[in-house]
Amino acid sequence: MKKILEHILSVRDDSCESGVNKRYQCSICVFSSLKLSNVKRHILTHTGVQPFRCLICERRFTQKTSLISHMVVHSGERPFICSVCDKAFTQKGTLNRHMLAHCGNLEISKKKTKREHIY
Ligand SMILES: [Zn+2]
Ligand SMILES: [Zn+2]
Ligand SMILES: [Zn+2]
């Protein structure tokens with residue numbers, strides 16, 4: 001994997017050799033940065049390497065920020081709150097799924113009233 005990184009970076013080095021404000025550019029996409037370490041970290045998103053591992057559930061992430069936002073799951077913080085019933089959730093996706101349940105309930109009650117009208 002290290003070899004792939006070196007290859008990608010060396011390709012990029014040839015393209016920008018002049019200037020004080022030398023930018024390191026990803027050879028795969030338009031991403032560029034003044035810091036070589038930033039580009040190296042960025043290239044990991046293309047290689048599929050996920051160096052950031054959650055110590056609790058062993059899930060892997062390409063970006064440190066992704067890992068940090070994932071850690072909320074384990075810290076017990078529940079920043080996503082349902083506006084209907086005030087139930088709290090650790091992840092936005094879970095809240096969204098929960099909100100669908102509210103929609104479903106509404107539909108059921110609508111159907112019920114319809115039925116009542118029919119009978
Ligand atoms: Zn890129
Ligand atoms: Zn985890
Ligand atoms: Zn709710």
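As recorded by an unreviewed UniProt entry, the protein carries the name C2H2-type domain-containing protein and is attributed to Caerostris darwini.

**Q** Before we move on, can you summarise the overall build of the protein with the specific residues and values?
**A** The number of helices and strands found in the protein is four helices and six strands. Intrachain contacts of the protein at a sequence separation of at least 6 include 8% that bridge at least 24 residues.

**Q** A description of helix α3 (residues 64–75) should follow, citing residues and the corresponding values.
**A** In this model, α3 (twelve residues) spans 16 Å end to end at C-alpha, consistent with the 16 Å of a helix rising 1.5 Å per residue. Two residues or fewer after α3 comes G76, characterised by a positive phi angle close to 85°.

**Q** Break down the UniProt feature "domain: C2H2-type" (unreviewed entry) in the protein for me, with residues and values.
**A** Here, the residues flagged by UniProt with the feature "domain: C2H2-type" (unreviewed entry) are residues 24–51, 52–79 and 80–107. Annotated as 43% helix and 14% strand, the span residues 24–51 places its first and last C-alpha atoms 21 Å apart. Counting secondary structure, residues 52–79 comes out at 43% helix and 14% strand; the distance between its end C-alpha atoms is 23 Å.

**Q** Could you give an account of helix α2 (residues 36–47), with specific residues and numbers?
**A** Relative to the 16 Å expected for twelve residues at 1.5 Å per residue, α2 spans 17 Å between its end C-alpha atoms, a close match to the ideal helical length. Residue G48 follows α2 closely and has a positive phi angle near 85°.

**Q** So what about the environment of F52? Which residues, and what values?
**A** On the secondary structure map, F52 appears in strand β3 (residues 52–53). For F52, a count of 18 C-beta atoms within 10 Å corresponds to the partly exposed category. For the pair F52 and T65, spaced 13 residues apart in the sequence, the C-alpha separation amounts to 9.4 Å. Not counting residues up to four positions away in its chain, the partners in contact with F52 are R60, F61, Q63, K64 and L67.

**Q** Talk me through the environment of S27; I want residue IDs and the actual numbers.
**A** The residue S27 is located in the loop between β1 (24–25) and β2 (32–33) in this model. What makes S27 partly exposed here is the crowd of 17 C-beta atoms within 10 Å. Along the chain, S27 and I43 lie 16 residues apart, while their C-alpha atoms are 8.8 Å from each other.

**Q** Give me unusual backbone geometry: which residues, what numbers.
**A** Although it is not a glycine, E58 sits at a positive phi angle of roughly 65°. Its place among the elements puts E58 in the loop between β3 and β4 (60–61). Backbone geometry at D86 places phi at a positive 65°, although glycine is not the residue there.

**Q** Could you give an account of the environment of M71, with specific residues and numbers?
**A** Tracing the sequence through the fold places M71 in helix α3. A sequence separation of 19 residues divides M71 from T90, and the C-alpha atoms of the two residues are 9.8 Å apart.

Criteria and cut-off values
- Here the residue index of a chain counts from 1 through its sequence in written order.
- Key to labels: chains lettered from A, ligands numbered from 1, both in the order written.
- Local features in a predicted model are, by the rule used here, given only for residues with pLDDT of at least 70; side-chain atom pairs are given and counted only at 80 or more, and totals for whole chains, interfaces and linings are based on all residues.
- Strands here mean DSSP runs of E at least two residues long; helices mean DSSP runs of H or I at least four residues long; both are numbered from the N terminus.
- C-beta atoms are first placed from the backbone for all residues, and any pair lying within 7 Å is then listed as a contact.
- Expected span of a helix: the number of residues minus one, times 1.5 Å.
- UniProt positions are given in the numbering used here, feature names are shortened, and annotations may be inferred rather than shown by experiment.
- Note on burial: count the other C-beta atoms lying within 10 Å of the residue's C-beta; 20 or more is buried, 12 or fewer is exposed, in between is partly exposed, and C-beta positions come from the backbone.

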